[in-house]
Amino acid sequence: MEQFFNSILALLPAGWMRLAAWFCMVLIATIAASRLATSGLRRSLNSDINPLPYTSIIVNIVRGAIWLIGGSIILDTVFGFDVSSIITALGVGGIAISLGLQDTLSNLIGGLQLTFMHVISPGDHIRVGSDQGVVKDVGLRHTTIQNASGQIVIIPNSVLSKTSLVQMPPANVVSVPFAVTTGAAPLDEDAAQMAEAATKAVAKVSKVISDPPCLVRFTEITEYGFKGTATLKVEDPDLVSAALDAAVRAIAPFTR
């Protein structure tokens, strides 16, 4: 490798112009390699056949590794620093560095665990403590989720890796629990009427994409009647709250 660099340097003008030209060449090559690797990695991670989810932590690690290699070449060939001695010095002071960056390293390792162990992926609907929302990204230090109000919640990766995490149903699911009193109408007829009413009401808010449009299930018998749940999916997850309100209003007359 050293002979390769020396042969290229020999082709450049002598003195500081040679170093400046070499610095620009390595810098441009590093930028190009970083962009090409980032673009290719994003396409690969977005592929359906790829087992890993698309998260920024993987892209940032690859980008950082490329810049580390490019920076090492510049330090060695342009400024004359012995990169191996720098690495050795960092190894000696590794304990002090790890103590100073304990939280950062904990978040980094937590993010890698969440990504490579497929604990969460962008698009998952999760609940962590009192926070609930859709995962947007897993970064180097934190994971961002968006709640039903559209607010972005930032949770450190170390917290996610140590805290109980609940995988919720998809964010576009509208689920309405109900209770009906015993009546003369058969349950099948009640279920059909509630499903039709809920579907028509929700369709005015967002397109219903579930099949059947609304699934009504009775889950419990009580001394006062029956309990159940009406479930349907809408196309736009951001309209779930409005769709839920419409479904409740449509089902309410059948519970009196």
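Above this text sits the structure in question.
Definitions and limits used
Residues numbered from 1 in each chain as written. Predicted model: local features only at pLDDT ≥ 70, side-chain atom pairs only at ≥ 80, totals over all residues. Heavy atoms only, no water. Helix = DSSP H or I, 4+ residues; strand = E, 2+ residues; numbered from the N terminus. Contact = heavy atoms within 4.5 Å. Salt bridge = Lys/Arg side-chain N within 4 Å of Asp/Glu carboxyl O. Buried < 20%, exposed > 50% of the residue type's maximum accessible area, 1.4 Å probe, protein only. Core = buried A, V, L, I, M, F, W, Y, C linked by side-chain atoms within 4.5 Å. Pairing = 2+ DSSP bridges. Axes fitted to C-alpha atoms, helices over the stretch in contact; angles between N-to-C directions.

> How should the environment of leucine 160 be read in this particular structure?
Within the secondary structure, leucine 160 is located in helix 7 (residues 157-162). When the C-alpha positions of leucine 160 and isoleucine 120 are compared, they lie 9.7 Å apart, and in sequence the two are 40 residues distant. Setting aside its immediate chain neighbours within four residues, leucine 160 contacts Leu114, Ile120, Val128, Thr143, Ile155 and Leu165.

> What exactly am I supposed to notice about the pattern of salt bridges here?
Pairs can form between side chains of opposite charge whenever their charged atoms are close. This model, assessed by the stated rule, comprises two salt bridges. Where lysine 200 meets glutamate 196, a salt bridge forms, and the shortest distance between an N and an O atom there is 3.1 Å. Residue lysine 200 and its partner glutamate 196 are both found in helix 8 (residues 187-203); the two are separated by four residues, about one turn of the helix. Given the relative accessible area of 46%, glutamate 196 is considered partly exposed. Here aspartate 245 and arginine 249 are joined by a salt bridge, their closest N and O atoms 2.8 Å apart.

> Whenever I open this one, the nonpolar core confuses me. Can you help?
Side chains of nonpolar character tend, in soluble globular proteins, to be buried together. Judged by nonpolar contacts, the single largest core of 19 residues is most densely connected at Val174, Phe178, Val202, Cys214, Val216 and Ile251. Ranked by the residues each element gives to this core, the list is headed by helix 8, at five residues. The residues touching isoleucine 251, leaving out its near neighbours within four places in the chain, are Val176, Phe178, Met194, Ala198 and Ala230. Counting residues in hydrophobic clusters, the runner-up holds 10 residues, among them Leu114, Val128, Val138 and Ile145.

> How should I be thinking about the sheet that holds strand 3 (residues 142-146) in this particular structure?
Adjacent strands of a sheet form backbone hydrogen bonds with each other and so pair up, either parallel or antiparallel. Across the sheet, five strands lie side by side as 4-3-2-1-5; this open sheet has antiparallel pairing. Every interior strand has two partners, whereas the edge strands, strand 4 (152-156) and strand 5 (165-167), have only one. This sheet shows a mean twist of 45 degrees between the axes of neighbouring strands, independent of strand direction. Where strand 3 meets strand 4, five bridges bridge the pair, whose relative direction is antiparallel. Each residue of the ladder has a partner; that of glutamine 146, found in strand 4, is isoleucine 152.

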